[in-house]
Every structure is written in structure tokens, then in C-alpha cells.
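Results of the structural survey
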Amino acid sequence: MSLASIDRERMLGRIRELGEVGREDGRLTRLAGSDADRAGRDLLVSWLEGAGLEVRIDRIGNIFGIWTEEPIADEAPVLLGSHIDTVINAGIYDGCYGVIAGLEVIETLKRNGFAPSRPIAVAAFTNEEGVRYAPDMMGSLVHAGGLSVEAALASVGTDGSVLGDELSRIGYAGDIEPGFLRPKAYVELHIEQGPVLEREGLRIGAVETLQGISWQRVTISGVANHAGTTPMSMRSDAGQAAAEVMVFLRQRAMASDIPVVATIGCMAFEPNAINVIPSLASFTVDLRSPDEQRLREEEAALSTFLDALALRDGLGVSVERLARFQPVTFDPAIVALIEQAAGRRGLSSRRMTSGAGHDAQMIARIAPSAMIFVPSRDGISHNPREHTDADDLVAGADILLDVVRDLSA
Ligand code: HGY
Ligand code: MN
Ligand code: MN
């Protein structure tokens, strides 16, 4: 089969269409297990069924569309995919692009009469973002055996809901045991979500590694007191301590000779009143580094800093671990296929690491896996300004097409 290309308008149209599901007052939010998630899932399933794929849904709600012909049905499939849940006030490409392009590749191969040597499937993994339920990449982690489905279903959300109840409520609590599909290989197409490809003027990223991730929730308890009458030296101010932690983490990350990023994305005070010294501060800490030893050092430094604050100001400190994933190295053979495919199509490419977490890092535990990146305008993501040019979206999908054909010839 010559260098075919995917159906550009169908793929771009679907990305736009899914990008409107869960949009309210101009903001797109499709958190795992929500009504918006159900609507997005229903739309995806309608596309999978329309493509004549076998649709299967497992107990954690992972959705699989499988293209298989009788003689090859027992072979381990090539698996594509990503996720369709989003962060809050999201862009339309993160995750969705990889799922829709994966389906597009299967439809293009079918349309061109390609006869694969093994089934080809596309997955939409549950709760990749981890915004409502931690950890992130949850559905693919369960699929890879890194978290029991019972523990995942029992996870309690930031809103007090239980994931299993929500999946039942939206009709996506499947009956198939997770991990039923053991892929021969997994390839995930995704927007870079960072500045590298655009800055270097490159079209394709052949992703060979992915950095380690540490998520914690820190709760600091102090003493509520009067903002006007309490001398500074007599305060147990949980809010002040939380602010010092934020500055401490930033300074360490900026000073590190090895790449480290630190983010406090959520913070809440109690009683949260203008004239009351906060008695409680609860916040999340997202630490990442490609170097596992350095990531451990950052976690240890934070713990030591919290202990010192507690001693100095008479505070209580508790820390809950929400997620912890070590850095991942992807399959060199698949990374090479990606580079070769880019070369055949005359697309500039480079090997690179991923700053973001992805389902591929979980599936890499059970199958050779790798990722394809396309440029993000201004390096922006997790933001409605997230954008990738149409030609780049199509180029990435064509590389996915070529790599899948190589893996299933
Ligand atoms: O957090 C991440 O890197 C991914 O977006 N879940
Ligand atoms: Mn993503
Ligand atoms: Mn994301």
C-alpha cells in the first residue's frame, strides 16, 4: 500500500465535534465519570460502531474498538489510543487527538483493503487526567495491572463521589476484567503540550522517555485567630506556611541542575475569611523529573521543610500520596519506526522525552510502547488556547498510520 493518508476532514471534524461535548459558557470540562464524560463516550462509541469495530468496555470503563478478521483473531493486537477525559477549562486536542486519529488510522487501513496480520484496536482509557480521582492515568494503570480494579472503583473524588458509582451511573461500568487485551505493541499519538518541537521548527517527536511523577496532598493545621489582635510572633498560621512551601519548591526547582518541575495547582484555606488567620491549608504538590534519584531528593526536601515549619510555628502536617510513577523508557524499535516513517514522508523529527504523563507509560509495563508527538502552538496545553495546526495533526496521524502498518503487516 503506497503512502496513503488519513481522511483529513473526517478526523479534524471529529476533533472539533468532540471538543464541543461538555462545553458550558465557553469552557470545556469533561471530568472522568461526569455527565459530560458520558456524552463524550457515547459519541466515541457511535464512531467505533459506525466503523464496524467490536466495542468492548471493561470494569474500569476503558473503551476498546477492535478491528479483527477471523483468521487473525487470536493474535495479540496492535493497540492505539489515549484518553477523552479532560482537565478543567481544557483544550480540544489533549488525549482526544490520539483516540480519534487511532480510529481514523483503522478506518483508512480498512478502506485501503489492508489485510493486517493481527487485530488492530483503539482504546480510550478512563480518567487519564486524574483531576477528579487520583491517580492520573488510572484506567491504563489498571489495564496494566498496576492498580486493582476494586481499588480504582473505590477511589473517592475531590467532590466526595466514588468512581465506581459514577461509572455505573453513566453506564460505563463494563463487565470485562481489565487487562483482557494484551497488546503486541502500543503506539500513542499526542500533542507535545510543550515548546520543544515548535521552538526547533520540527514536525514530529519520536518520544523515547517520559519523566517521573510525584503527586501529594499536604494538609497543614494551625490555629485560627484574629487577624488584627494576634501578634505575628504568636501565630500558628497554616496559610503562611503553605505560601512558604510554594516559594521553597519553586526555588529548588529553578536552582536544580537536573530538570525538575514543581506545581501547586490546588489550594484551600479554612475558614477562608479575610480577618481570620487560617487554621488549615490543604494543597496539592506535583513534582516531576526525568531523574528518579532527583525526584526522591525533591520529595525528601519537601518533607524536611514541612517538619521544620511545623516545629517553628507549632503546626500539624499530614501528607497523602496521590500518585507516584517512575520515569519510563519506551521501546527503541518502535521509536525507530516512528523516525523512519517521518523520514519517508520528508517530515523533520527528533527523539525527545515527555514532560506530561500519558497512558503509554502504563501500557509500557505490559507491551512495547512508544509515542508520537506533534507541535503545540506556544507550547500551551491544559488551557483553552491549546492548538496544533491542521497540517501537523494530519502529519502525526499519517505517521501513526505508517507505524501501525509496519507493526501489523
Ligand atoms: O498530569 C499529566 O501529565 C497528564 O496530563 N495526566
Ligand atoms: Mn493527555
Ligand atoms: Mn492532560
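About the criteria used
- Residues numbered from 1 in each chain as written.
- Chains lettered and ligands numbered in written order.
- Predicted model: local features only at pLDDT ≥ 70, side-chain atom pairs only at ≥ 80, totals over all residues.
- Heavy atoms only, no water.
- Buried < 20%, exposed > 50% of the residue type's maximum accessible area, 1.4 Å probe, protein only.
- Helix = DSSP H or I, 4+ residues; strand = E, 2+ residues; numbered from the N terminus.
- Pairing = 2+ DSSP bridges.
- Donors = N, O, S within 2.8 Å, 3.2 Å for Na, K, Ca; no water.
- Salt bridge = Lys/Arg side-chain N within 4 Å of Asp/Glu carboxyl O.
- Expected span 1.5 Å × (residues − 1).
- Contact = heavy atoms within 4.5 Å.
- Domains from an automatic or database assignment.
- Buried area = accessible area lost by both parts, 1.4 Å probe.
- Polar contact = N/O pair within 3.5 Å; in protein donor to acceptor, adjacent residues only side chain to side chain.
- Nonpolar A, V, L, I, M, F, W, Y, C, P; charged D, E, K, R; others polar.
- Core = buried A, V, L, I, M, F, W, Y, C linked by side-chain atoms within 4.5 Å.
- Patch = residues over 30% accessible without salt bridge, like charges linked within 9 Å, V, L, I, M, F, W, Y side chains within 5 Å.
- Areas by Shrake-Rupley, 256 points an atom, 1.4 Å probe, with all protein chains shown as cover.

Things to note about the pairing of strand β16 (residues 369–374)
By the criterion of burial, β16 is predominantly enclosed, with six of the six residues buried. With burial as the criterion, each face of β16 is covered, one bearing Ser369, Met371 and Phe373 and the other bearing Ala370, Ile372 and Val374. Of the strand pairs in this sheet, strand β7 (residues 185–191) and β16 are connected by six bridges, and their pairing is parallel. Residue pairing in the sheet places Glu188 in a bridge with Met371 of β16. When strand β8 (residues 204–210) meets β16, the two strands line up antiparallel, connected through three bridges. Paired with Val207 across the bridge in β16 is Met371.

Section: the coordination of the manganese ion (ligand 2)
Listed as protein donors to the manganese ion (ligand 2) are His83 (NE2), Asp94 (OD) and His190 (NE2); their distances from the metal cover 2.1 to 2.3 Å. Donor residues for the manganese ion (ligand 2) sit on one chain with the sequence pattern H-x10-D-x95-H.

So, the pattern of salt bridges
Counted by the stated rule, this structure contains 34 salt bridges. Salt-bridge contacts for Asp392 lead to Arg203; the nearest nitrogen and oxygen are separated by 2.6 Å. Of this pair, Asp392 sits in helix α12 (residues 390–408) while Arg203 sits in the loop between α7 (196–200) and β8, and the two are 189 residues apart along the sequence.

Here we look at the coordination of the manganese ion (ligand 3)
On the protein side, the manganese ion (ligand 3) has Asp94 (OD), Glu129 (OE), Glu129 (OE) and His382 (NE2) as donor atoms, found 2.1 to 2.7 Å from it. In the primary sequence, the donor residues of the manganese ion (ligand 3) line up as D-x34-E-x252-H. Here the manganese ion (ligand 3) and the manganese ion (ligand 2) are spaced 3.5 Å apart, with Asp94 acting as a shared donor. With Asp94 in the loop between β5 (78–82) and α3 (96–111) and Glu129 in the loop between β6 (120–124) and α4 (138–143), the pair connects residues that are 35 residues apart, well separated along the chain. For Asp94, a relative accessible area of 6% corresponds to the buried category. Look at Glu129 and you get buried, because its relative accessible area is 8%.

Description of helix α10 (residues 332–344)
Across its 13 residues, α10 extends 18 Å between first and last C-alpha, which sits within 8% of the 18 Å expected from 1.5 Å per residue. Turning to α10, its buried residues number three or more, namely Ile334, Val335, Ala336, Leu337, Ile338, Ala341 and Ala342. Residues of α10 that are buried make contact with β7, β8, β15 (349–354), β16 and α12. Note on α10: the residue one or two positions beyond its end, Gly346, has a positive phi of about 70 degrees.

Comments concerning helix α2 (residues 35–50)
In a regular helix each residue adds 1.5 Å, so 16 residues correspond to 22 Å; α2 covers 23 Å between its end C-alpha atoms and thus fits that length. Along α2, the residues that are buried comprise Ala36, Asp37, Gly40, Arg41, Leu43, Leu44, Val45, Trp47 and Leu48. Against the buried residues of α2 lie α1 (8–18), β3 (54–57), β4 (63–67), α3, β6 and α6 (163–169). Of the residues trailing α2, Gly52 is marked for its positive phi of about 80 degrees.

Considering the domain arrangement of the protein
When its domains are assigned, the protein resolves into domain 1 (8–210 + 328–408) and domain 2 (212–325). The straight-line distance from the C-alpha centre of domain 1 to that of domain 2 is 33 Å. On the domain 2 side, the residues contacting the 15 residues of domain 1 number eight residues. Together domain 1 and domain 2 conceal approximately 730 Å² of surface at their shared face, both sides included; 63% is due to carbon and sulfur atoms. Of all residues in domain 1, Ala134, Pro135 and Asp136 bury the most surface against domain 2, accounting for 40% of the area lost on that side. Counting the contacts that link domain 1 with domain 2 gives one residue pair in polar contact (both at pLDDT 80 or more). Tallied by class, the residues present in the side of domain 1 that touches domain 2 amount to seven nonpolar, five polar and three charged.

Notes on the nonpolar core
Taken as a class, soluble globular proteins show a tendency for nonpolar side chains to be buried jointly. In terms of nonpolar packing, the biggest core is built from 96 residues, with Met11 and Leu80 touching the most fellow members. In terms of residue count, α12 provides more of this core than any other element does, ten residues in total. Each residue touching Leu80, except ones within four places of it in the same chain, is listed here: Gly102, Val105, Ile106, Ile120, Ala121, Val122, Ala123, Tyr186, Val187, Leu400 and Val404.

Quick notes on a nonpolar patch on the surface
Together, Met246, Met267 and Phe269 line one region of the surface with nonpolar side chains, adding up to about 240 Å² of accessible area. Relative to the elements of secondary structure, Met246 occurs in helix α8 (residues 238–255).

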